[in-house]
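Understanding the architecture of this molecule
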Amino acid sequence: MTTIQTAPHGSVRDHGGVAGDATPPRSRQRRRRTGQWAAWAFLAPVVIYLVVFYAYPLYRNIELSVRDYTVRSFVMGDAPFVGFDNYVKVFQSPTFGPAFLHTALFTIISIAFQFTIGMALAVFFHQNFRLSATLRALFLVPWLLPLIVSASTWSWMLNSDSGVVNAFLEAVGLPGINWLTSPDWALTSVIIANIWIGIPFNLVIIYSGLQNIPTELYEAAALDGANGWQKFWRITFPLLKPVSAITLLLGLIYTLKVFDIIWIMTRGGPGTASTTFATWSYQLGFASTLPDFSPAAAVGNVLIVIALVFGIIYIRTQRKQDIS
């Protein structure tokens, strides 16, 4: 029969031949240190990536915005410190008001239509009818295409003289529209293109969320006599709230910084008719012979602050939901 005795120093020995924790303290410390070094080794690539591609560029952008950089000082590195003068210059610029309004309209309208259409398509494809997978794959094409290809295609389609959109309007007896050159239609044109490009993202995310809703809930609702709209409003929509929240947040952050589509289609014009913060920042920093690097960085930081505010709102909302 196995007996257990207590050694003089409080250690427990198993006389059946199996020792308790007989590992020397130095060996335990060595194993603990080895585990810690292994953990840091796994974290190192992520930390390096965040520092090199996020922390340092953010620091440089802030540093650019609080100094008066010219082409010469950018090369020589002797730009004087000016504090918040560049931000004051940006806020007092006549371009700030239109750029702010266009950024807000571009973001809100794009997200609203992208999310609504993406939700409708996700619910539609969730029925698992014949060719559902094929059609769903075709809807991913706008998302998979490079933005320069999508924007160039829309520029051709909306061309005033040879575009297929105006050709269709004239075929049904309607006058053609100067989509890209009219101050009244330029912003609408880039919003339409951005909505088309962003629908597949919303479709994919929301469809994945629908996959996690138990089918038993719909079966029980059907037995209770619920119609399609009642099932959506009472089951689908409430259970998709976490997925919807992250979809809207990611869509917001992405849409705020959209540059390629607007620049390729209208270059922010005519005038400032389709200028947003993203295109304005590029115009200040790179699209002129005498670039204003510091005001361009200030505009970029304004975009970062806006995205950060919405990110904090999302985090606080999620915490309140988790507590409740």
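Please refer to the structure placed before this passage.
One structure accompanies this document, and this report is about it. (Residues numbered from 1 in each chain as written. Predicted model: local features only at pLDDT ≥ 70, side-chain atom pairs only at ≥ 80, totals over all residues. Heavy atoms only, no water.)

This part covers the overall build of the protein. Per the secondary structure count, the protein includes 15 helices and two strands. C-alpha atoms of the protein, sized along the principal axes, occupy 100 × 75 × 35 Å. A burial count over the protein gives 34% of its 324 residues as buried. Long-range contacts, defined as pairs at least 24 residues apart, comprise 62% of the intrachain contacts of the protein with a sequence gap of at least 6. Taken as a whole, the protein presents about 20,500 Å² of accessible surface, with 67% of it coming from carbon and sulfur. (Helix = DSSP H or I, 4+ residues; strand = E, 2+ residues; numbered from the N terminus. Buried < 20%, exposed > 50% of the residue type's maximum accessible area, 1.4 Å probe, protein only. Contact = heavy atoms within 4.5 Å. Areas by Shrake-Rupley, 256 points an atom, 1.4 Å probe, with all protein chains shown as cover.)

In this structure the tally under the stated criterion is two salt bridges. Residues joined in a network through salt bridges with shared partners are Arg60, Glu63 and Arg67. (Salt bridge = Lys/Arg side-chain N within 4 Å of Asp/Glu carboxyl O.)

The next thing to look at is the packing of helix α4 (residues 96-125) against helix α9 (residues 186-211). Taken N-terminus to C-terminus, the directions of α4 and α9 make an angle of 40°; their axes are 6 Å apart at the nearest point. In terms of axis orientation, α4 runs oblique to α9. The element α4 and its partner α9 pack so that their crossing is right-handed. Class assignment for the residues of the contact of α4 with α9 results in 20 nonpolar, seven polar and no charged. (Axes fitted to C-alpha atoms, helices over the stretch in contact; angles between N-to-C directions. Parallel < 35°, antiparallel > 145°, perpendicular 65-115°, else oblique. Left-handed = near helix turned anticlockwise from the far one by under 90°. Nonpolar A, V, L, I, M, F, W, Y, C, P; charged D, E, K, R; others polar.)

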